Amino acid sequence: MDLPLVVGVDGSEPSLRAVDWAADEAVLHGVPLRVVYASLWERYEGGSLSADLGKPSEEVLAEDVVEHAARRALARHPDMKVTPVVLPEEPEYGLVHEGRTASAVVVGSRGRSGVAEFLLGSVGLSVAAQADCPVIVLRGSHDKQAVPGAHGRVLLGVGEDEEAAPAVRFAVDEARRRGVPLEAVRAWRCPAHETTDHPLMAGEPARLHRERAVEALEAALKEVPADADVRRRTVEGHARKVLADLSRGADLLVVGAKRREGRFGMQLGRVAHALLHHSACPVAVVPQKVRAQ
């Protein structure tokens, strides 16, 4: 059975735009959509506040939120299967748990108020750093839709080849389903201590690092099908800045995040962390399990 796509909602406008994007993505993949609201509000506010209602007021709010979001998804795609879910859990834990049986988790990048904005940003960051499945955080102006995108391009940030396979496969599949090219990018830098003032050696260190970047890019893409439309590119600079700049011309940016066996807590990496804050387009963080050294 196809795993569902999960989208987290909180009633905010950004989270409802995330529902639009997730609905398009679910149809694109031919999978059901689960609309999830997770909160422990009643634990902090106290059950006595809503005792006279016969039902916790937060539960009423949560049901209203997910039902409205589900109707919104169905209005966009009437034939899709949508399941509204209310979880009496912390949002971070609830969405990470949902991700164990999901094809991916989609979250918005902002919340309902000044405080909620910060909290939802923390939720998205936490889920992206812990989930077992890809997590898509809707950064930037995504035009409320997964397809057709405004730029017609999926961008892939290529890291170390031995750990890049899940992100590469995800990016190739996303580009194919959208019918757009995939631009695979490997950033490289020439450390300052390797430069020289000698005119015959001035370009040598840079050339070597560029060649290594090309080799690393080819190694990471070695399993990509020959008929896939993949455009290779190496760019000098910090990976986080290179990819953030290029994200302005992409509909989706895909990066990997190492998950080392035996380690707990947030495992994201500096590049993915920076892009979740600065990308101009949605970011898909794809977990890559690696053995602890």
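**Q** Explain the nonpolar core here, please?
**A** In summary, soluble globular proteins display a tendency toward joint burial of nonpolar side chains. Membership of the largest hydrophobic core comes to 50 residues, with the highest contact counts inside it found for L33, V106, L156 and V254. With seven residues, the top contributor of residues to this core is helix α1 (residues 13-29). When sequence neighbours within four positions are dropped, the list of residues in contact with V254 reads V154, L155, L156, G157, A167, F170, A171, A284 and V286. V6, A128, L275 and V285 belong to the second largest nonpolar core, which has 37 residues in total.

**Q** Is there a simple way to think about the pairing of strand β1 (residues 5-8) in this case?
**A** As a general feature of sheets, a regular strand has side chains that alternate between the two faces. The alternating pattern of β1 places L5 and V7 on one face and V6 and G8 on the opposite face, and all of these are buried. Where β1 lies against strand β2 (residues 33-38), four bridges are found, and the strand directions are parallel. The residue of β2 that forms the bridge with L5 is L33. Following the backbone out of β1, through α1 and into the adjacent parallel β2, one traces a crossover that is right-handed. Here β1 runs beside strand β4 (residues 104-108); their pairing, made up of three bridges, is parallel. Paired with L5 across the bridge in β4 is A104.

**Q** Can you walk me through the sheet that holds strand β5 (residues 135-138) in this structure?
**A** Strands belonging to one sheet form pairs held by backbone hydrogen bonds; the direction of such a pair is parallel or antiparallel. Ordered by their spatial adjacency, ten strands build an open sheet running β3-β2-β1-β4-β5-β10-β9-β6-β7-β8, and the pairing between neighbours is mixed. The open sheet has two free edges, formed respectively by β3 (82-87) and β8 (230-236), since each of these has just one partner strand. The sheet shows a mean angle of 25° between the axes of neighbouring strands, direction not considered. With eight bridges joining them, strand β9 (residues 252-260) and strand β10 (residues 283-290) adopt parallel strand pairing. Along β10, the bridge assignment pairs G256 with V286. Set on the sheet, helix α4 (residues 91-99) makes contact with β1, β2, β3 and β4; between it and β2 the angle comes to about 155°. Packed on one face of the sheet, helix α8 (residues 239-246) meets β6 (154-157), β7 (182-188), β8 and β9 and runs near 150° to β7.

So, how was this worked out
Residues numbered from 1 in each chain as written. Predicted model: local features only at pLDDT ≥ 70, side-chain atom pairs only at ≥ 80, totals over all residues. Heavy atoms only, no water. Core = buried A, V, L, I, M, F, W, Y, C linked by side-chain atoms within 4.5 Å. Buried < 20%, exposed > 50% of the residue type's maximum accessible area, 1.4 Å probe, protein only. Helix = DSSP H or I, 4+ residues; strand = E, 2+ residues; numbered from the N terminus. Contact = heavy atoms within 4.5 Å. Pairing = 2+ DSSP bridges. Right-handed = clockwise from strand over helix to strand, strands pointing away. Axes fitted to C-alpha atoms, helices over the stretch in contact; angles between N-to-C directions.

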